[in-house]
Amino acid sequence: MHLFNTLTRKKEEFKPLHKQVVRIYNCGPTVYTYAHIGNFRTFIFDDILRRYLEYKGCEVKQVMNITDVGHMTLDDDEHLEGDTGEDKLERQAVLEKKDPWQLAKFYTAAFMDDFKALRLREPMVFPRATEHIPDMIEMVRGLIDKGYAYVVDGEVLYDISRFPGYGRLSGNTLKDLKAGARVAVSEKKRTPFDFHLWKNDPRHIMQWPSPWNEHGFPGWHLECSVMAMKYLGDMIDIHTGGEDNIFPHHENEIAQSEAFTGTEYVRYWLHVRHLLVNGEKMSKSKGNFHTVRDLFAKGYDGAEIRYALMSAHYRQNLNFTLEGLEDSRRAIRRLRDFLAHLETCRGGGTGGRVSRLCDGAARKFEEAMDDDLNIAGALGAVFNLVRDVNRLGGDVSPEEAAEAKALMLRFDDVLAVMHEEREELSQEFKQKIEEREEARKAKDFATADAIRRWFAERGYELEDTPEGTRWKPKQGAKGGGDSRKVGE
Ligand SMILES: [Zn+2]
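Draft legend 1. Fine view of unusual backbone geometry. Residue Pro248 is bonded to the preceding Phe247 through a cis peptide linkage, with omega at 0°. Phi angles above zero are rare outside glycine, and Arg119 is one such case at about 65°. Within the fold, Arg119 resides in the loop between α3 (100–117) and α4 (133–145). The buried category is assigned to Arg119, around which 20 C-beta atoms lie within 10 Å. The backbone of Ala416 sits at a positive phi, close to 55°, despite the residue not being glycine. Considering the arrangement of structural elements, one finds Ala416 in the loop between α13 (398–415) and α14 (422–441).

So, in structure tokens, the structure goes:
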């Protein structure tokens, strides 16, 4: 399998450090608001990578952090940087008049809901930054002891001039940074590009005592280094993130971690390109900003959103549109119809043609995925199999159909769009349906309507059939139709 390594800027053969066990760290969400579909494009990529490695028989140890300490400083249109500007979590907390701990908890729970709805496999651990403060203090102390960090006015800064490899990942070496320097010179810093490991701000809402000040909090870059190494060891196979994480976030992670351990930190760096919406960068001011929930409210389900977000190669810009989501809906329907069709095959057999088609499809699927996770090629192999088996018409025998179905389900171990969601949703949904049945029997139509609206808010409509009430994704929601308005 070959992966494009941002560090070497080429496709390299992927070989895990420990045979068959792959250690992966994913930069996770900052939980100060709902994650948007651009964030989820990256997380879905993380999931496909993990699932494909598992498909190939590897054991994957995957860690995705939850950044619940607030220091996202720039908004969605800009890069993230930890040293200047305002603190988003803090600002949002003030806006919502909630305590930042509560806010982080609320948005963490929302993130987990979206994560499940998009069929992402749960990592080995979701470490929270606020639960690793002592580990962070330990690493800062170590970096000071080793001479890579210094204390000024109760704050700790990393001295990038002490780390010769600085810039290897992003190309931003100290020399290049100086040449292009436009940053304000801070008297505190030895060089203007030194970054904070530990900050000091008595007005900050989240703060912890440390050896350097009483009202401090960790730098964002520090959190990821600490949590990655704590759960995965000093050397990690794969570290992923969005392309805007390359600099300064990942460059600084390398500087801290390698200075601290003296060994290579990450062997393969993988970065996902930006998501565009209607051809433009997503932003709230342009009105093309979507959360997963916005799309549920328009009637799309987790599989459809997942399909739309995974269907372009991760190193290409993905242009997300509602029309594309309609295409995803049709694509999934085609796959599910095919699975249903296979159940009905009663032919006498095709003389091994189905087997040959399956072998060819499996080979093409794997060739594509082995080539830096070429998902479009892999999907092409799947749909060619659907077309070719369908063409064999009524000849396909039940045994051949079973073989084709088994292969489709194996593909779906990676793609995770073919199985119906009902099983996972069913508990809560079933209960609501029962409550509605009771209400209808008691002629309590207000309650029955309220439950119908409850489903509509989640993107489902109810259908009363002689066998009972069923839920299904709302149809024909193309281009809008906010279902939250249904019945209001
Ligand atoms: Zn990170």
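Draft legend 2. Highlighting the sheet that holds strand β3 (residues 21–26). Strand order across the open sheet formed by 4 strands is β4-β3-β9-β10, with parallel pairing between neighbours. Each edge of the open sheet carries a strand with a single partner, namely β4 (59–64) and β10 (266–272). Recorded for the sheet is a direction-independent mean angle of 20° between the axes of neighbouring strands. Where strand β9 (residues 236–242) lies against β10, 6 bridges are found, and the strand directions are parallel.

Draft legend 3. Main features of the packing of α4 against helix α7 (residues 246–261). Look at α4 against α7: their axes get within 9 Å of each other, and the N-to-C directions meet at 70°. It follows from the interaxial angle that α4 and α7 lie roughly perpendicular. The two elements α4 and α7 cross, and the hand of that crossing is left-handed. For the pair α4 and α7, contact is made by Met139, Gly142 and Leu143 and by Gln256, Ala259 and Phe260, respectively.

Draft legend 4. Examining the packing of helix α11 (residues 353–370) against α13 more closely. One way to put it is that α11 packs onto α13 with a least axis distance of 9 Å and a crossing angle of 10°. Between α11 and α13, the angle falls in the class roughly parallel. Contacts between α11 and α13 involve Val354, Ser355, Cys358, Ala361, Ala362 and Phe365 on the former and, on the latter, Glu400, Glu403, Ala404, Leu407 and Phe411. Along the lines of polarity and charge, the residues of the contact of α11 with α13 split into 8 nonpolar, 1 polar and 2 charged.

Draft legend 5. Up close: helix α12 (residues 375–391). Across its 17 residues, α12 extends 24 Å between first and last C-alpha, which sits within 8% of the 24 Å expected from 1.5 Å per residue. Within the sequence span of α12, burial applies to Ile375, Ala378, Leu379, Val382, Leu385 and Val389. For α12, the arc enclosing every buried residue in end-on projection is 115°, short of the 170-degree limit, so these residues lie on one face. Among the exposed residues of α12, those oriented more than 90 degrees off its buried face are Ala376, Arg387 and Arg391. Where α12 is buried, its residues meet α1 (37–55), α9 (302–310), α11 and α13. Phi turns positive one or two residues past the end of α12, at Gly393, with a value near 55°.

Draft legend 6. Quick look at the nonpolar core. With 116 residues, the main nonpolar core has Ile44, Ile48, Val140, Leu143, Tyr158 and Leu197 as its most contacted residues. Both domains that furnish three or more residues to this core are identified here as domain 1 (16–272) and domain 2 (277–415). The contact partners of Ile48, leaving out residues within four places of it in the chain, are Met310, Leu373, Ile375 and Val414.

Draft legend 7. Here's a closer look at the environment of Ala368. You can see Ala368 is positioned in helix α11. Sequence spacing of Ala368 and Ala381 is 13 residues, and the spatial spacing of their C-alpha atoms is 8.7 Å.

Draft legend 8. Highlighting the pairing of strand β5 (residues 149–152). Pairing analysis gives 4 bridges linking β5 to strand β6 (residues 155–158), with the strands arranged antiparallel. The residue bridging Tyr150 from the neighbouring strand is Leu157, located in β6. Connecting β5 to the antiparallel partner β6 that follows it, the hairpin turn spans 2 residues, and Asp153 within it adopts a positive phi of roughly 50°.

Draft legend 9. Structural view of the pairing of β9. With respect to burial, β9 is a largely interior element, 7 of its 7 residues being buried. Note that β3 and β9 share 3 bridges and pair parallel. In the strand pairing of β9, Ile24 is matched with Ile238. Chirality of the crossover, the property in question, places the unit of β9, α7 and β10 among those that are right-handed.

Draft legend 10. Region of the structure containing the sheet that holds strand β12 (residues 280–281). What the 3 strands build is an open sheet, ordered β12-β11-β13; its pairing is mixed. Two strands close off the open sheet at either side, each with one partner strand: β12 and β13 (318–320). One ladder, built from 2 bridges, connects strand β11 (residues 275–277) with β12; its direction is antiparallel. Counterpart to Val277 in the pairing with β12 is Glu280.

What counts, and at which threshold
Residues numbered from 1 in each chain as written. Predicted model: local features only at pLDDT ≥ 70, side-chain atom pairs only at ≥ 80, totals over all residues. Helix = DSSP H or I, 4+ residues; strand = E, 2+ residues; numbered from the N terminus. Buried ≥ 20, exposed ≤ 12 C-beta atoms within 10 Å, placed from the backbone. Pairing = 2+ DSSP bridges. Axes fitted to C-alpha atoms, helices over the stretch in contact; angles between N-to-C directions. Parallel < 35°, antiparallel > 145°, perpendicular 65-115°, else oblique. Left-handed = near helix turned anticlockwise from the far one by under 90°. Contact = placed C-beta atoms within 7 Å. Nonpolar A, V, L, I, M, F, W, Y, C, P; charged D, E, K, R; others polar. Expected span 1.5 Å × (residues − 1). Arc of directions from axis to C-beta. Core = buried A, V, L, I, M, F, W, Y, C linked by C-beta atoms within 7 Å. Domains from an automatic or database assignment. Right-handed = clockwise from strand over helix to strand, strands pointing away.

Just distances and angles here, no functional claims.
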